[in-house]
Amino acid sequence: MDAVHLVALALIQGVSEFLPVSSSAHLILPSELLGWQDQGQAFDVAVHVGTLIAVLAYFRHDLWRIFVGWQAHLRGGAASPDAHLGWAVLVGSLPTLVAGFLLDGHAEVLLRSALVIGLATVVFGVLLQWADLQGRKTGTLEDLNWKTIWVIALAQILALIPGTSRSGVTITAGLAMGLDRESAARFSFLLAIPVIMGAGFIKGLELAQTGSNAEWLDVGVGALIAGASAFLCIHWFLGFIQRAGMWPFTIYRLFLGSFLIFYALL
C-alpha cells in the first residue's frame, strides 16, 4: 500500500471513530475523489484493533473499577455505581450488536453512497447541535437510569446508516436525555468497546475464511497509527467539548455533508 494512502486511512479511522463526524463520510472521499482502491479486509481489522486498544488503554481505570464492582455484585454485594455502569455498557451495546449481526452488513452495502452519507452527515449533525442546546446537561454517569440507557442503545442502531457517526448519535441521545457533555461522551466511548469488538470479530472471521495477501508491515503500521491517533483524539475531545460544545462539529458536518450531496448530484 502506498505510504500516503496507508497513513491517511489509518488516521481517518483513528480520529473519526470517536469524533462525532462520521468515519463513513471521510472514508468515502479518498475512494470517490482520488480513486483509491479498497484497503482490504486485513487493514480494516487492523485499524479496528488499533482503535479498540486505544479506548481500552484510555479507560483502563474505569474498566478496572467496573470489573471490581461486578465481582462484588456477583458475590452478593450491593450494586455499586461502577457495577451499574458496566451493566449499562453491556446492555446498551446489545441492540446494535444484534442488529449488526442480523443485517450482516447489508445496510452498509445498500446505503453506502455519497448522497446517503451526505444527507445523514447533515441531518444528524443538526440533531447533535439541537441536543446540545436543548439538553439539561446536568446528569452524570452515576445518574444513568434504564430509560436513558435504552434510548442511547436504540439510537446507536442508527449508526448502521453510513454517515450517521456512532459516537455522534450516542452523544446526541445522551445530551437529549440530560447528560452533561463529558458524561455523554464517556458513555459513548465505553459503548464503543463491545461494538468495536463485535465488528472486529466478524471482520476477522471473514478474513480467516477468505484469506489475505496483505503486506503485514502495512497492517501493523496502520494499527499503530489508528490506535495512537484514537487515544490522542479521545483525550483532546473530552477537554475540548467542555469549552466549545458541539457547534464546531455541527458546522464541520454541515460543510462536509453539503459537499458530498453536491458531489453526488453533479
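What counts and what doesn't
- Residues numbered from 1 in each chain as written.
- Predicted model: local features only at pLDDT ≥ 70, side-chain atom pairs only at ≥ 80, totals over all residues.
- Heavy atoms only, no water.
- Axes fitted to C-alpha atoms, helices over the stretch in contact; angles between N-to-C directions.
- Helix = DSSP H or I, 4+ residues; strand = E, 2+ residues; numbered from the N terminus.
- Parallel < 35°, antiparallel > 145°, perpendicular 65-115°, else oblique.
- Left-handed = near helix turned anticlockwise from the far one by under 90°.
- Contact = heavy atoms within 4.5 Å.
- Salt bridge = Lys/Arg side-chain N within 4 Å of Asp/Glu carboxyl O.
- Buried < 20%, exposed > 50% of the residue type's maximum accessible area, 1.4 Å probe, protein only.
- 1 Å grid on protein atoms, 1.4 Å probe; cavity = no way out; pocket = protein on both sides within 12 Å on 5 of 7 lines; lining within 4 Å.
- Points joined across faces, edges and corners; volume = space filled by probe spheres on them.
- Nonpolar A, V, L, I, M, F, W, Y, C, P; charged D, E, K, R; others polar.
- Expected span 1.5 Å × (residues − 1).
- Arc of directions from axis to C-beta.

### A word on the packing of helix α7 (residues 114-134) against helix α9 (residues 166-176)
Taken N-terminus to C-terminus, the directions of α7 and α9 make an angle of 30 degrees; their axes are 8 Å apart at the nearest point. As far as their axial angle goes, α9 and α7 are roughly parallel. The handedness of the crossing between α7 and α9 is left-handed. Within the contact between the two elements, α7 uses Phe124, Leu127, Leu128, Trp130, Ala131 and Asp132 and α9 uses Gly168, Val169, Ile171, Thr172, Leu175 and Ala176.

### Focus: the pattern of salt bridges
In a structure, side chains of opposite charge can pair up when their charged atoms sit close to one another. Per the counting criterion, the structure on display carries five salt bridges. Linking Arg186 and Asp62 is a salt bridge whose minimum nitrogen-to-oxygen distance equals 3.8 Å. Placement of the pair is Arg186 in helix α10 (residues 181-210) and Asp62 in helix α4 (residues 60-74), with a sequence separation of 124 residues. Two residues, Glu182 and Arg186, come together in a salt bridge whose shortest N-O distance is 3.0 Å. A residue pair is termed a helical-turn pair when its members lie 3 or 4 positions apart in one helix, as Glu182 and Arg186 do in helix α10 at four residues. Given a relative accessible area of 30%, Glu182 falls into the partly exposed group. By sharing partners, the salt bridges in this structure join Asp62, Arg65, Asp82, Glu182 and Arg186 into a single network.

### Examining the layout of surface pockets
Approximately 180 Å³ is the volume found for the second largest pocket. Along the walls of the second largest pocket sit Leu63, Ile66, Phe67, Trp70, Gly86, Val89, Leu90, Leu190, Ile193, Pro194 and Met197, which together make up its complete lining. Of all elements in the fold, only α4, α5 (81-103) and α10 reach the threshold of two or more residues within the lining of the second largest pocket. Here the residues of the lining of the second largest pocket sort into 10 nonpolar, one polar and no charged.

### Considerations on helix α12 (residues 247-265)
Taking 1.5 Å per residue as the helical rise, α12 with its 19 residues ought to reach 27 Å, and the 27 Å between its terminal C-alpha atoms agrees with that figure. For α12, every residue scored as buried is listed here: Phe249, Thr250, Arg253, Leu256, Gly257, Leu260 and Ile261. The arc enclosing the buried residues of α12, seen along the axis, measures out at 135 degrees, which places them on a common side. Opposite its buried face, α12 presents the exposed residues Phe255 and Phe262, each directed more than 90 degrees away.

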